[in-house]
Amino acid sequence: MNIAEKMKHDWNERAQHHARFWIATEAYHTEEMFTQSGKNTAQALLATLPVPHLPSWNVLDIGCGIGRVLKALASHFHHLVGVDVSSAMIAQSKQWLADFPHIHTYETSGVDLLEFPHSSFDLVYSYVTFQHMPRPVFERYLREIHRVLTPKGYLVFQLPIGHFQDVPLEDTIGIRSYSNQEIEESLRRNGLGFHPSSDPEFTELSDPHSHRFRLAQKIGPISTPVPMDWEELKQPHFVSEWDNHLYGIYADHCADAGNYQEGIQTLQMLVNKNPVNLEGRLRLAALLIETGQLPKAFATMKEIITLHPGYEEGHRTLRQLIEKCPDLKPARIPSLSTTSHHSPADASRNIPALTNREYSTTEV
């Protein structure tokens, strides 16, 4: 598996789980919130342009998802195109944008824009997409953007700029941020440059995940291209810390709303993706205990102490589950003493951290 294939695999998984959540984590709960977030982004994009936009412009959205921003721009332009690495996102975009025949969306490789000829677009934009791309992929996209932009065409993009931050190549959702010098050099290599109205010197050390738009423009030819190939990944099954975090957040949202089974399914998905993740299994055990599914909670806690034999809280919780449900057959647990210092009557008092979905993940 190479990075292009992993991006496609991971983003298809996220889209199939809950596309709106993975697109707009803070505004996915209702269609109205999601739609309004698209309008807000569209207005910020249009306000970034140095000249009034023309309806006749051809516009390209890189990383369009299901078309959150495209829909909000529908009344502003006659021809809009969106691309995404995820076939699942594009499939859902066809439904989301069904009433807008002048908007077209396509699945792409995730590393190029080969579907489009030179000088196809007056405006290319991207929001909360480039920050997730490995640096070599982003570099490739800048070269492709130069190719598909008309002379003097605009690039409006969001990317944290101000300090350097990177994550492993295999991480398809972790945040990358760029220093001012790095982004300026990357743009220049690819025949692009910050527009005079932009403020590339603005640093965001206090806000490394800024969603502020930047404005660049096609200014000249591409310099010598940086060689790129998509070699096989050393860790093809790598799971990002952001995946662990966001799957957990979604499961907690489900539980808070009373949708326990969906939360449990989400955490089971996370555990399947990352079997050694202690926090995910603890979250799963907590919801199973909270919903009275003690045999499943027992099985989950048993898996935890098998993977993390030094995790004392896991052994303690297992003993408490056994006291509450003697039919759980504790003898099957290796090296587990079923002797408890507490009577069955007060065993439940010692599981509050799990039942309240507060987790201790310190490994010993």
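1. Brief notes about the side chain of His132
Here comes step 1: Mapped onto the fold, His132 is located in the loop between β4 (121-126) and α5 (135-148).
Here comes step 2: Non-local contacts of His132, meaning those with residues more than four positions away in its chain, are made with Trp11, Asp171, Thr172, Ile173, Gly174, Ile175 and Arg176.

2. Topic: helix α10 (residues 294-307)
In an α-helix there are 3.6 residues to a turn, and that puts residues three or four apart on one side.
Here comes step 1: For α10, with 14 residues, the first-to-last C-alpha span of 20 Å sits near the 20 Å given by 1.5 Å per residue.
Here comes step 2: When we look at burial in α10, the residues that qualify are Leu294, Ala297, Phe298, Thr300, Met301, Ile304 and Ile305. Axial view of α10: buried residues confined to an arc of 165°, hence all on one face. Counted as exposed and oriented over 90 degrees from the buried face of α10: Lys296 and Thr306.
Here comes step 3: The elements touched by buried residues of α10 are α9 (278-290) and α11 (312-324).

3. Side note on the pattern of salt bridges
Oppositely charged side chains can pair when the atoms bearing their charge come close.
Here comes step 1: Evaluated as defined, the whole model comprises 14 salt bridges.
Here comes step 2: As a salt-bridge pair, Arg140 and Asp112 come within 3.8 Å of each other at their nearest N and O atoms. Note that Arg140 is positioned in helix α5 and Asp112 in the loop between β3 (103-107) and β4, a separation of 28 residues in sequence. Side by side, Arg140 and Asp112 carry an identical accessibility label, which is buried.
Here comes step 3: Across the salt bridge formed by Arg283 and Glu279, the nearest N and O atoms sit 2.9 Å from each other. Pair noted here: Arg283 and Glu279 are both in helix α9, with a separation of four residues, about one helical turn.

4. Observations concerning unusual backbone geometry
Here comes step 1: Backbone geometry places Ser119, a non-glycine residue, at a positive phi of 55°.
Here comes step 2: The class for Ser119 is partly exposed, based on a relative accessible area of 38%.
Here comes step 3: Positive phi outside glycine occurs at Val128, with the angle close to 45°.
Here comes step 4: Mapped onto the elements, Val128 comes out in the loop between β4 and α5.
Here comes step 5: Given the relative accessible area of 18%, Val128 is considered buried.

5. Points about helix α1 (residues 3-23)
Here comes step 1: For α1, with 21 residues, the first-to-last C-alpha span of 20 Å runs short of the 30 Å given by 1.5 Å per residue.
Here comes step 2: If you look at α1, its biggest bend is around 105°, right at His17.
Here comes step 3: Burial analysis of α1 places 15 of its 21 residues in the buried class, the great majority of the element.

Calculation rules
Think of each chain on its own: its residues are numbered from 1, step by step along the sequence as written. With the structure being a predicted model, the display of local features is reserved for residues of pLDDT at least 70 and the display and counting of side-chain atom pairs for 80 or more, all residues being used for whole-chain, interface and lining totals. Note that water and hydrogens are dropped before the side-chain values are worked out from all heavy atoms of the structure. In this description a helix means any DSSP run of H or I spanning at least four residues, a strand means any run of E spanning at least two, and both kinds are numbered starting from the N terminus. Any two residues having at least one pair of non-hydrogen atoms within 4.5 Å are treated as being in contact. Under the convention used throughout, the expected extent of a helix is 1.5 Å for every residue step, that is, one less than its residue count. Only protein chains enter the accessibility calculation, which uses a 1.4 Å probe. A residue is then buried if its area is under 20% of the maximum for its type, exposed if over 50%, and partly exposed in between. The directions from the helix axis to the C-beta atoms are what the arc is built from. Any carboxyl oxygen of Asp or Glu that lies within 4 Å of a side-chain nitrogen of Lys or Arg is treated as forming a salt bridge with it. The quantity called bend is, for any residue, the angle between two axes fitted respectively to the seven residues ending at it and the seven beginning at it.

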